[in-house]
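As a plain string of letters, each chain reads:
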Amino acid sequence: MVADATAGKRGRPGDRLLTRPFVLVMACAFGFFGAFGMTVPVLPLIVTDELGGGDFAVGVVVGSMAVSAILIRPWASRRADSWGRQRLVLAGMVAGALSLALSGVAPELVSLGLLRLLLGAGQALVLIGAVTMVMESVPAERGGEAISYFSVAPYLGIGLGSLVGQAIYERAGLAAAFAAAGVVCLLGVLPAMGLPNVSVPRAPGEAAPPGFHPAVLLPGAIFALGLVGPVAFTSFIALYVRDFGSDDPRWLFFTYSAAILAARATVGLGPEAFFYGARLYWHNWDLFYSLMKGVVFGLVIPLVATHMGLRTRGGAEGVGKATTSAVMFMTLAVLILDALFPPLFLN
């Protein structure tokens with residue numbers, strides 16, 4: 001199906017969100033990220049236990065997925081117009097299924113890293129195709145709401161997938177968990193088959209659009225920084241829980257996803273709302289102001305603690321009194337400085 005540049009792009013005001021294409025796109029995303037979630041708690045284990053890697057190897061293997069996901073995006077965005085959105089999603093689902101199924105039998109770390117690169121490319125194809133279809137199927141004034149609803153599918157898939165993946169690993173081993181993830185991802189192809197393949201080919205002689213738009217630099221940087229914590233959490237929590245005598249991180253992943261879904265359901269709070277507010281109210285001075293406060297507080301706290309420590313006398317009792325005094329004076333100093341910063345620098 002070929003559409004012109006405006007056909008099918010946005011619904012009429014008042015059109016409902018949960019149309020058949022919207023539900024099918026959510027089902028595709030749920031299948032892909034459910035399969036991905038099945039491997040999240042067990043991927044670090046295959047790196048350390050099966051292939052003999054350390055913490056650094058875990059970070060490289062997990063992070064390699066982001067490399068291909070970033071590099072393929074300019075190319076994939078153009079293919080979404082020329083191939084069509086549905087074909088892009090189908091290609092991503094098949095690539096993801098192949099990567100997940102073979103990761104469980106990877107003979108060495110290099111092979112596993114290459115398969116993760118393939119998974120990152122597949123994820124980029126699925127997200128670009130799916131998000132484009134979502135935005136084209138809803139009214140313009142409800143785009144943010146539609147993306148918020150759509151993002152329930154990935155988070156729910158990761159949360160439930162981690163439960164299933166850990167259970168399969170405990171009963172049948174790592175290879176079986178990855179193989180099952182590949183099957184689940186491949187099943188996500190079924191709802192994609194019911195989607196229309198909308199494409200927007202360029203007219204003869206029309207120049208290709210730029211692959212990178214400067215307007216995305218700031219929100220993209222904020223989004224990337226916001227992902228550092230979640231990526232580190234998902235990368236190493238499966239290994240960290242061993243320090244507490246457990247090999248079962250599934251409920252931590254499920255709780256993480258459930259917290260995000262609860263925030264959306266109760267107050268409508270999600271990453272999109274945060275980044276929209278950051279873009280709307282961001283000023284360059286804010287960065288300098290925040291860094292300046294961090295530097296000043298970072299200097300005052302150790303200076304007070306050092307001063308009180310050097311004045312400590314009287315053994316254990318003196319140490320206790322000095323610690324109490326240090327905490328009191330540090331807190332007081334931070335509160336006073338924090339009160340002085342707005343009139344001095346935000347007037």
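In this report, we go over the structure that sits alongside the text. Please read these numbers as outputs of a predicted model, since none were measured by experiment.

1. Section: the overall build of the protein
And then number 1: Helix and strand counts for the protein stand at 15 helices and zero strands.
And then number 2: Expressed as a percentage of its 347 residues, the buried residues of the protein come to 40%.
And then number 3: Put simply, 83% of the contacts in the protein that link residues at least 6 apart link residues at least 24 apart.
And then number 4: Surface summary for the protein: the accessible area is close to 18600 Å², and the carbon and sulfur share equals 71%.

2. A look at the packing of helix α5 (residues 85–103) against helix α6 (residues 109–136)
And then number 1: Between α5 and α6, the shortest axis-to-axis distance is 7 Å and the interhelical angle comes to 155 degrees. Classified by the angle between their axes, α5 and α6 sit roughly antiparallel to one another. Of the two possible hands of crossing, α5 and α6 adopt the one that is left-handed.
And then number 2: Partitioning the contact of α5 with α6 into residue classes produces 17 nonpolar, eight polar and three charged.

3. Observations regarding the packing of α6 against helix α7 (residues 143–150)
And then number 1: Where α6 contacts α7, the two axes come as close as 9 Å, and the packing angle between them is 140 degrees. Comparing their axes, α7 and α6 come out oblique. As α6 packs across α7, the resulting crossing turns out to be right-handed. Here A130, V131, V134 and M135 of α6 come into contact with α7, specifically with G143, A146, I147 and F150.
And then number 2: Residue composition of the contact of α6 with α7, by class: seven nonpolar, one polar and no charged.

4. Looking at the packing of aromatic side chains
And then number 1: Scanning all chains against the criterion turns up five aromatic pairs.
And then number 2: Between F32 and F33 the ring centres are 5.4 Å apart and the planes differ by 70 degrees, which places this aromatic pair in the edge-to-face class.
And then number 3: On the basis of relative accessible area, F32 is assigned to the buried category, the value being 1%.
And then number 4: Ring geometry for F297 and F341: centres 6.2 Å apart, planes at 75 degrees, overall edge-to-face. Of the two residues, F297 is situated in helix α14 (residues 284–310) and F341 in helix α15 (residues 315–345); the sequence distance between them amounts to 44 residues. The two residues F297 and F341 agree in class, both being buried.
And then number 5: Three or more aromatic residues link up through ring pairs in this structure, and these residues are F32, F33 and F36.

5. A closer look at helix α4 (residues 73–82)
And then number 1: When α4 is considered as a whole, its buried residues turn out to be A76, R79 and A80. Each buried residue of α4 lies within a common arc of 110 degrees when the element is viewed along its axis, so the set occupies one face.
And then number 2: Elements that come into contact with the buried residues of α4 comprise α5 and α6.
And then number 3: Positioned one or two residues after α4, G84 has a phi angle of 110 degrees, which is positive.

6. Thoughts on the pattern of salt bridges
And then number 1: With the rule as written, the count across this model stands at four salt bridges.
And then number 2: As a salt-bridge pair, D81 and R85 come within 2.9 Å of each other at their nearest N and O atoms.
And then number 3: A salt bridge links K321 to E317; the shortest N-O distance between them is 3.3 Å. Remark: E317 and K321 occur in helix α15; sequence separation between them is four residues, near one turn of the helix.
And then number 4: The exposure class assigned to E317 is exposed, which follows from its relative accessible area of 56%.
And then number 5: Through salt bridges with shared partners, a single ionic network connects D81, R85 and E136.

7. As for the nonpolar core
And then number 1: With 38 residues, the main nonpolar core has F22, V25, F32, F36, V134, F150 and L195 as its most contacted residues.
And then number 2: Secondary-structure elements contributing two or more residues to this core are α1 (20–39), α5, α6, α7, α8 (152–172), α9 (174–187) and α10 (189–193).
And then number 3: The element best represented in this core is α1, accounting for eleven residues.
And then number 4: Ignoring sequence-local partners within four residues, the contact set of V25 consists of A130, M133, V134, F150 and L195.

8. As for the environment of F254
And then number 1: Of note, F254 is situated in helix α12 (residues 250–267).
And then number 2: Along the primary structure F254 and G159 are separated by 95 residues, whereas in three dimensions their C-alpha atoms are 4.1 Å apart.
And then number 3: Those residues in contact with F254 that lie beyond four places of it in its chain are G159, L160, S162 and L163.

The rules behind the values
- Residues numbered from 1 in each chain as written.
- Predicted model: local features only at pLDDT ≥ 70, side-chain atom pairs only at ≥ 80, totals over all residues.
- Heavy atoms only, no water.
- Helix = DSSP H or I, 4+ residues; strand = E, 2+ residues; numbered from the N terminus.
- Buried < 20%, exposed > 50% of the residue type's maximum accessible area, 1.4 Å probe, protein only.
- Contact = heavy atoms within 4.5 Å.
- Areas by Shrake-Rupley, 256 points an atom, 1.4 Å probe, with all protein chains shown as cover.
- Axes fitted to C-alpha atoms, helices over the stretch in contact; angles between N-to-C directions.
- Parallel < 35°, antiparallel > 145°, perpendicular 65-115°, else oblique.
- Left-handed = near helix turned anticlockwise from the far one by under 90°.
- Nonpolar A, V, L, I, M, F, W, Y, C, P; charged D, E, K, R; others polar.
- Phe/Tyr/Trp six-rings, centres within 6.5 Å; stacked < 30°, edge-to-face > 60°.
- Arc of directions from axis to C-beta.
- Salt bridge = Lys/Arg side-chain N within 4 Å of Asp/Glu carboxyl O.
- Core = buried A, V, L, I, M, F, W, Y, C linked by side-chain atoms within 4.5 Å.

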